[in-house]
Amino acid sequence: LQDFTPPRQGEGDYSAILISFAKRLRTSWQQGQMAAPSRVGGGIVNADLEEELNRFRERYPLDESATNYLMNSPEEVQWAVLRDFMPNRQGESDYS
């Protein structure tokens with residue numbers, strides 16, 4: 001998964017789409033199909049995961065359910081979301 005692009009542009013709430021994306025990543029991780037987290041190339045170099053997740057949530061507001069799902073995902077999945085989640089529309093008030 002190189003880039004995440006939601007199938008429906010113009011959505012006011014991306015939480016469900018983010019959860020769906022993270023679920024696919026979790027499944028890949030559980031099946032051993034996910035490589036070790038790559039922090040290089042996605043703009044994340046030697047970064048602290050918690051700090052990066054905080055920045056991500058500032059940039060992409062999520063509802064509580066989506067935030068909990070992301071925070072309870074394996075570290076490899078969290079890094080993949082940070083690297084690959086790119087909605088087509090920027091500046092939404094809620095990406096849950």
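Our subject is the structure that appears above.
A quick note: this is a predicted structure, and the numbers were derived from the prediction, not measured.

Asker: Kindly report on helix 3 (residues 64-71), identifying the contributing residues and their values.
Answerer: Inspection of helix 3 places A66, T67, Y69 and L70 among the buried residues, and these make up the whole buried set. Relative to the axis of helix 3, the buried residues are bounded by an arc of 165 degrees and lie together on one face. Lining the buried residues of helix 3 we find helix 1 (15-30), helix 2 (49-59) and helix 4 (75-84).

Asker: Tell me about the nonpolar core, and name the residues and values.
Answerer: By size, the foremost hydrophobic cluster in this structure holds 19 residues, and its most contacted members are L18, F56, V81 and F85. When residues of this core are traced back to their parent elements, those giving at least two are helix 1, helix 2, helix 3 and helix 4. Leaving out residues up to four positions away in the same chain, V81 has contacts with L18, F21, A22, L25, F56 and L70.

Asker: Please provide a residue-by-residue account of the packing of aromatic side chains, values included.
Answerer: A complete count under the given rule lists 4 aromatic pairs for this structure. Measuring from centroid to centroid gives 5.0 Å for F56 and Y60, while their planes differ by 55 degrees, and the two rings are tilted. When its relative accessible area of 6% is taken as the criterion, F56 is described as buried. You can call Y60 buried: its relative accessible area is 2%. Between the aromatic rings of Y60 and F85, the centroid separation amounts to 5.2 Å while the plane-to-plane angle is 90 degrees, which identifies the pairing as edge-to-face. Here the residue Y60 occupies a position in the loop between helix 2 and helix 3, and F85 occupies one in the segment after helix 4, the gap between them amounting to 25 residues.

Asker: Go over the pattern of salt bridges with me, naming the residues and quoting the values.
Answerer: Counted according to the given criterion, the structure contains 3 salt bridges. When the shortest N-O distance is used, the salt bridge between E51 and R55 registers 2.1 Å. Of this pair, E51 and R55 both sit in helix 2, 4 residues apart, which is roughly one turn of the helix. By relative accessible area, which is 42% here, R55 ends up partly exposed. Between D84 and R83 there is a salt bridge; the shortest N-O distance is 3.1 Å. Judged by its relative accessible area of 2%, D84 falls in the buried class. For R83, a relative accessible area of 23% puts it in the partly exposed group. One connected set of salt bridges, linked through shared partners, spans E51, E52 and R55.

Definitions and cut-offs
- Residues numbered from 1 in each chain as written.
- Predicted model: local features only at pLDDT ≥ 70, side-chain atom pairs only at ≥ 80, totals over all residues.
- Heavy atoms only, no water.
- Buried < 20%, exposed > 50% of the residue type's maximum accessible area, 1.4 Å probe, protein only.
- Helix = DSSP H or I, 4+ residues; strand = E, 2+ residues; numbered from the N terminus.
- Arc of directions from axis to C-beta.
- Contact = heavy atoms within 4.5 Å.
- Core = buried A, V, L, I, M, F, W, Y, C linked by side-chain atoms within 4.5 Å.
- Phe/Tyr/Trp six-rings, centres within 6.5 Å; stacked < 30°, edge-to-face > 60°.
- Salt bridge = Lys/Arg side-chain N within 4 Å of Asp/Glu carboxyl O.

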